[in-house]
Amino acid sequence: MMKHESPETMLPILQDQYGRIKRKLRISVTDRCNFKCVYCMPEHPEWMKKQDLLSFEALLVFCQYMVKQGIENIRITGGEPLMRKGVVHFIRDLQSLRAIGLKRISITTNGHYLAKYAEQLKQAGLDDLNISLDSLDADQFKQLTKKDLAPVLSGIQAAQRVGLPFKINCVLIKGQNEDQILPMVNWAKQQNIPLRFIEFMPLDGDQHWTDQAVVSEADILAQLQPHYDIHVLQQQHEPARQYRLDDQYTIGIISTITHSFCGDCDRIRLTAQGELYNCLFAQQGLNIKPYLQRAIKEKMFQQLDQQIKPYIWHKAKGYHAIQNQHVRKISMHMLGG
Ligand code: SAM
Ligand code: SF4
């Protein structure tokens, strides 16, 4: 008897039930981090065991499969991705996938080790970086991250020196760093560095998030309004809404909480031990490790395909559809943002 495949398994691309095609893959290569950001890391993290992490060899095979399914951008994240040995080499290996459709290779980093790695990353073919920076005040930075600001600023200078394009991401929390909105904008504008503010999302390790702690897009604009003439720009296929300041400089605001961007979402995420998440807020991941290992061993990707495509197909509509579901065990340091 002929076996009937479900429609989503027969799709040549990665698409969900709402018609959103997946073009961006974020891979967390480690959950470990040298920072302890209050909005991310739990007080007592239980690290994944090193032997449970997907090897870079397995990740490369997975990326090759995903690029064949239409993925164009790969972002490497963590934890802190520059803490995993071999990550520069992995970026070099990913270059081979450009021939089959990969367009961008990026990293999201806290910047602490960037001064050491910027040149190597450039040589390895990295296209760009997102660097997290939540305060320009050294004491406040330390309170937020438990680490020093100076190495991050050196990392930023190193990226500039070697010519690696980057954006700064700044998460704002009420009562902690909302006073940094104007200093961050002035600092970034002066150097023409792209800056994006991110609303605090309920993905912190110890689940202390409340909506009272969110500095909203409206709050950010209210703080900037007395100082700048502000115009909203047409939103591109990007989670950040862009605002033009004094017709000279553009900032972005990622406001998942107050204006979710889920309607256009083209991302999927993989944790360091091989769980695929079709959404940042998904309750359940899909453990692809056994299917990937089998695919590598038998050079047959059918089973992997039969798992991944239905999982992606069933992606929920967005944050507002799933925000009230019960507590999750996975937080941002595992998912990678
Ligand atoms: N360690 C790297 C870094 O900090 O850039 C990469 C991993 S980190 C999880 C990725 C991004 O997620 C960072 O820009 C970070 O600021 C952001 N992030 C972490 N927790 C968040 C939260 N609860 N809400 C909003 N953004 C968050
Ligand atoms: Fe580490 Fe990045 Fe999380 Fe901060 S946001 S604790 S740097 S993983």
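Scroll up for the structure.
Residues numbered from 1 in each chain as written. Chains lettered and ligands numbered in written order. Predicted model: local features only at pLDDT ≥ 70, side-chain atom pairs only at ≥ 80, totals over all residues. Heavy atoms only, no water.

Chemist: So what's going on with the site of ligand 2? Which residues, and what values?
Modeler: Residues in close proximity to ligand 2 include Cys-33, Phe-35, Cys-37, Tyr-39, Cys-40, Met-41, Gly-79 and Asn-110, which together make up its full environment. Taken together, the residues of the shell around ligand 2 sort by class into six nonpolar, two polar and no charged. (Near = heavy atom within 4 Å. Nonpolar A, V, L, I, M, F, W, Y, C, P; charged D, E, K, R; others polar.)

Chemist: Talk me through the packing of helix α3 (residues 87-94) against helix α4 (residues 114-124); I want residue IDs and the actual numbers.
Modeler: In the contact formed by α3 and α4, the axes pass within 8 Å of each other and the chain directions differ by 20 degrees. As summarised for this structure, α3 and α4 are arranged roughly parallel, according to the angle between their axes. At the point where α3 passes α4, the crossing takes the right-handed sense. Residue-level inspection shows Val-88, Ile-91 and Arg-92 of α3 in contact with α4, the latter providing Tyr-117, Gln-120, Leu-121 and Ala-124. Partitioned by chemical class, the residues of the contact of α3 with α4 number five nonpolar, one polar and one charged. (Axes fitted to C-alpha atoms, helices over the stretch in contact; angles between N-to-C directions. Helix = DSSP H or I, 4+ residues; strand = E, 2+ residues; numbered from the N terminus. Parallel < 35°, antiparallel > 145°, perpendicular 65-115°, else oblique. Left-handed = near helix turned anticlockwise from the far one by under 90°. Contact = heavy atoms within 4.5 Å.)

Chemist: Any chance you could break down the site of ligand 1 for me, citing the residues and the numbers?
Modeler: As a structural note, the neighbourhood of ligand 1 is formed by 20 residues, with Tyr-39, Gly-79, Ser-132, Met-201 and Met-332 the closest of them. Note that an oxygen atom of ligand 1 is positioned 2.6 Å from one of the side-chain N or O atoms of Ser-132. Among the elements of the structure, β3 (104-109), β5 (166-172) and β6 (195-199) are those that each provide at least two residues to the shell around ligand 1. Partitioned by chemical class, the residues of the shell around ligand 1 number seven nonpolar, 10 polar and three charged. (Polar contact = N/O pair within 3.5 Å; in protein donor to acceptor, adjacent residues only side chain to side chain.)

Chemist: Which residues make up the pairing of β3, and what are the values?
Modeler: Most of β3 is tucked away: five of the six residues are buried. Following the chain from strand β2 (residues 73-77) across α3 to the adjacent parallel β3, one finds a crossover that is right-handed. Both β3 and strand β4 (residues 128-132) contribute to a ladder of four bridges, which runs parallel. Directly across from Ile-107, in β4, lies its bridge partner Leu-129. The β-α-β motif built from β3, the intervening α4 and the parallel element β4 has right-handed crossover chirality. (Buried < 20%, exposed > 50% of the residue type's maximum accessible area, 1.4 Å probe, protein only. Right-handed = clockwise from strand over helix to strand, strands pointing away. Pairing = 2+ DSSP bridges.)

Chemist: If you had to explain the pattern of salt bridges to someone new, which residues and values would you point to?
Modeler: One pass over the full model with this rule turns up 14 salt bridges. Here Glu-72 and Lys-103 are joined by a salt bridge, their closest N and O atoms 3.4 Å apart. Here Glu-72, found in the loop between α2 (56-68) and β2, pairs with Lys-103, found in the loop between α3 and β3; they are 31 residues apart in sequence, far enough to count as distant. We classify Glu-72 as partly exposed; its relative accessible area is 23%. Taking the relative accessible area as the measure of exposure, Lys-103 reaches 52% and is therefore exposed. The residue Arg-267 makes a salt bridge to Asp-266 at a minimum N-O spacing of 3.9 Å. Via salt bridges that share partners, Asp-16, Arg-20 and Lys-22 belong to a single interconnected network. (Salt bridge = Lys/Arg side-chain N within 4 Å of Asp/Glu carboxyl O.)

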